[in-house]
Amino acid sequence: MSADAAHPDNTRTPPDTARAGRSPRAWTLLIAATLVALALDLGSKRLAFRRVAGAPVPIDRREVIETTSLDTLIPVHDPVVVVPSLLEFTLVLNPGAVFGIGAGQRWFFVAFTVGALAFALLIFARWTTARERGAHLALALLIAGGLGNLYDRMLYACVRDFIHPLPGVQLPFGIRWPSGSPEVWPYVSNVADLFLLIGIGALLVYSWRRPPEHQEESATTD
């Protein structure tokens, strides 16, 4: 009897180099991190729309769909200054994607988000190995960010935003954005948007630093 026949386990893929899709621990980390991040996003939105304007601001889906200006659904209020010229909270309803891009294309972004989430799961299951926890956490942020904004679009027909970094800080030399705003950062966003940006950035860095041989290993390992 050969040594390989006597020890069939020698031919098995080491657990740490197996694809993440076959690792219960990797799935547990991905799901747990996604749920925590999703709870932070939805909880922060709920808290902001209860406190920032001085009184709870309910959002009615029918009103959002029927109105021609979402600004009319938010009462006039003073922003909550967290750090002067660095961060403030103000309530905004966003009909588009991140930073208000593509306003009025709600169902397109719903479909796009569903496709992006499926792609993120495919990357997790087939592109990463069980030991690549950093990539799994980055993917969890992407999935949670997508789910958080998808939840808003399905329930409210818009996305609840409240985070405004660098409020009032002007671009130099009188420069303006194509929208006409002179602010360095004129956008109001939310925690889900923050998770999406962090997740994308982390994956780009991770992919860039990943050794080529390791990429081949995860692509061929069963």
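Everything below is about the structure shown above.
Heads up: these notes are all about the structure in this document.

What counts and how
Residues numbered from 1 in each chain as written. Predicted model: local features only at pLDDT ≥ 70, side-chain atom pairs only at ≥ 80, totals over all residues. Heavy atoms only, no water. Pairing = 2+ DSSP bridges. Helix = DSSP H or I, 4+ residues; strand = E, 2+ residues; numbered from the N terminus. Axes fitted to C-alpha atoms, helices over the stretch in contact; angles between N-to-C directions. Contact = heavy atoms within 4.5 Å. Expected span 1.5 Å × (residues − 1). Polar contact = N/O pair within 3.5 Å; in protein donor to acceptor, adjacent residues only side chain to side chain. Core = buried A, V, L, I, M, F, W, Y, C linked by side-chain atoms within 4.5 Å. Buried < 20%, exposed > 50% of the residue type's maximum accessible area, 1.4 Å probe, protein only. Salt bridge = Lys/Arg side-chain N within 4 Å of Asp/Glu carboxyl O.

Pairing in this open sheet of three strands is antiparallel, and the strands run β1-β2-β3 from one edge to the other. Each of the sheet's edge strands pairs with one partner strand only, and the pair in question is β1 (80-83) and β3 (159-165). Pairs of neighbouring strands in the sheet enclose a mean axial angle of 35°, with direction left out of account. Direction of pairing for strand β2 (residues 87-94) relative to β3: antiparallel, over a ladder of six bridges. Note that in β3 the partner of V92 across the bridge is D161. Where helix α2 (residues 24-51) meets the sheet, its contacts fall on β2 and β3, and the angle it forms with β3 comes to roughly 80°.

Between its terminal C-alpha atoms helix α6 (residues 191-209) stretches 27 Å, which fits the 27 Å expected from 19 residues at 1.5 Å a residue. Those residues of α6 that are buried lie in contact with α2, α5 (133-156) and β3. With a side-chain oxygen lying 3.0 Å from the backbone nitrogen of A192, the N-terminal cap of α6 falls on N190.

Let us look at the nonpolar core. Counting 20 residues, the largest nonpolar core has F49, I59, I74, L91, L93 and C158 as the members making the most contacts within it. Contributions of two or more residues to this core are made by α2, β2, α5, β3 and α6. Examining the composition of this core, we find that four residues originate from one element, α2, more than from any other.

Our focus in this paragraph is the pattern of salt bridges. Tallying each qualifying case throughout the model produces three salt bridges. Across the salt bridge formed by K45 and D152, the nearest N and O atoms sit 3.4 Å from each other. Remark: D152 occurs in helix α5 and K45 occurs in helix α2; sequence separation between them is 107 residues. Grouping residues by exposure puts K45 and D152 together as buried.

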